[in-house]
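Residue-level structural notes
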Amino acid sequence: MKKVALVTGAKGGIGSSITQALVDAGFRVIATYHPKSEQSAKEWFKENNYSNESVKLLPLDVTDTAFCKESLTALLEQEGHLDVLVNNAGITKDTMFKRMTAEQWNDVINTNLNSLFNVTQPLFESMCQHGNARIINITSVNGLKGQFGQTNYSAAKAGMIGFTKALAAEGARAGVTVNAIAPGYTGTPMVEAIKPEVLESIKAEIPMKRLAQPKEVAAAVVFLASDAAAYITGETLSVNGGLYMH
Ligand code: CAA
């Protein structure tokens, strides 16, 4: 029987690489996408030549508490249990704080932080009952160091790290590890959306002088999902080319 992993935001820049790496490592992946992008989710599935045995598409609005509870409770009934949960879905709405609207603040907090409650809560008890499970939260270098123009995003990503440590304490006895991965600037559409001159100055600050490749983040997920990582919990693993050492 294949182990089962659920990845939120699975067809995104980093999510796509995480899904592929978990499939390559022998997992069956439940790949969630925003219900509004059903068409592009189907195209992504086809383009990657996934089979129904390796990847199952699941519409999930991670900001909708009731939707998540209903949908994930039904999923558990179908699948029996889940071995790995990767909370990856995230957005940016960058702007200087003096210009930030409540909507820009709330959207980022809802998608990046409140989603951890919405998605993890319906699954956690079952993961504890089954034991030997993994929860991996994709945070960011900017949750560790703070970033000009990202008070909303940095707050949400730092919050994810607090959540990771607290839930790690609750899951430890059952063998459920909870860790975070903090990617640096990674070659995805999210980073490509930064103004070119700003991105150049960011790259100049990175000791390795390049962006991360999504597959370099995915490799860290596969490691934390593996049996070899069973004794690592509450940890935040940076994949940032030396941009921030904590
Ligand atoms: N530190 C100090 N000052 C800064 C600064 C910084 N890091 N960045 C910009 N400024 C200053 C500028 O020099 C400028 O000053 P002057 O007015 O004196 O010239 C002023 O702030 C305004 O800057 P902009 O002209 O860039 O203002 P803007 O309103 O057009 O854009 C911004 C503001 C959207 C925040 C833009 O600066 C920006 O995109 N910054 C990058 C934010 C960033 O790194 N986002 C990460 C996205 S990727 C991601 O989030 C994934 C991940 O996890 C890593």
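Heads up: the structure comes first, above all this text.
Notes on the structure in this doc start here. Everything numeric here is computed off the predicted structure, so don't read it as measured data.

Near the ligand there are 19 residues, and of these Asp94, Ser140, Tyr153, Tyr185 and Lys195 occur at the shortest range. At 2.6 Å from an oxygen atom of the ligand is found a side-chain nitrogen or oxygen belonging to Tyr153. Notes on the ligand: free accessible area 1100 Å², of which the protein chains cover 59%. If you list the elements that add at least two residues to the shell around the ligand, you get helix H7 (189-192) and helix H8 (196-205). Of the residues that constitute the shell around the ligand, the class distribution is nine nonpolar, seven polar and three charged.

Closest axis-to-axis distance for the helix H1 (residues 13-24)/helix H9 (residues 214-225) pair is 8 Å, and the angle between their directions is 50°. With respect to each other, H1 and H9 are oriented oblique. The hand of the H1/H9 crossing is right-handed. Contact residues: Gly13, Ile14, Ser17, Ile18, Ala21 and Leu22 in H1; Pro214, Lys215, Val217, Ala218, Val221, Val222 and Ala225 in H9. For the contact of H1 with H9, the class distribution of residues is 10 nonpolar, two polar and one charged.

Strand order in the open sheet made by the seven strands is S3-S2-S1-S4-S5-S6-S7, with parallel pairing throughout. Single-partner strands in this sheet number two, and they are strand S3 (55-59) and strand S7 (236-239). Each neighbouring strand pair of the sheet contributes to a mean axis angle of 20°, computed without reference to strand direction. Across six bridges, strand S5 (residues 133-138) lies against strand S6 (residues 176-183) in parallel orientation. Residue pairing in the sheet places Asn137 in a bridge with Ala180 of S6.

Among the six residues that make up strand S2 (residues 28-33), six are buried, leaving the element largely enclosed by the rest of the structure. Residues of S2 alternate between two faces, with Arg28, Ile30 and Thr32 on one and Val29, Ala31 and Tyr33 on the opposite face, all of them buried. Two strands pair when backbone bridges link them, and strand S1 (residues 4-7) and S2 are joined in this way by four bridges, in the parallel orientation. Residue pairing across strands places Leu6 opposite Ile30, the latter belonging to S2. Bridge count between S2 and S3: five bridges; the pairing is parallel. Note on S3: the bridge partner recorded for Ala31 is Leu57. Since S2 and S3 lie parallel, the crossover through helix H2 (residues 38-47) that links them has a hand, and here it is right-handed.

The subject of this paragraph is the layout of surface pockets. Taken as a whole, the largest pocket holds about 1200 Å³ of empty space. Lining the largest pocket are 48 residues; nearest its centre among them are Gly90, Ile91, Thr92, Tyr153 and Met190. Partitioned by chemical class, the residues of the lining of the largest pocket number 20 nonpolar, 22 polar and six charged.

About the thresholds
- Residues numbered from 1 in each chain as written.
- Predicted model: local features only at pLDDT ≥ 70, side-chain atom pairs only at ≥ 80, totals over all residues.
- Heavy atoms only, no water.
- Near = heavy atom within 4 Å.
- Polar contact = N/O pair within 3.5 Å; in protein donor to acceptor, adjacent residues only side chain to side chain.
- Areas by Shrake-Rupley, 256 points an atom, 1.4 Å probe, with all protein chains shown as cover.
- Helix = DSSP H or I, 4+ residues; strand = E, 2+ residues; numbered from the N terminus.
- Nonpolar A, V, L, I, M, F, W, Y, C, P; charged D, E, K, R; others polar.
- Axes fitted to C-alpha atoms, helices over the stretch in contact; angles between N-to-C directions.
- Parallel < 35°, antiparallel > 145°, perpendicular 65-115°, else oblique.
- Left-handed = near helix turned anticlockwise from the far one by under 90°.
- Contact = heavy atoms within 4.5 Å.
- Pairing = 2+ DSSP bridges.
- Buried < 20%, exposed > 50% of the residue type's maximum accessible area, 1.4 Å probe, protein only.
- Right-handed = clockwise from strand over helix to strand, strands pointing away.
- 1 Å grid on protein atoms, 1.4 Å probe; cavity = no way out; pocket = protein on both sides within 12 Å on 5 of 7 lines; lining within 4 Å.
- Points joined across faces, edges and corners; volume = space filled by probe spheres on them.

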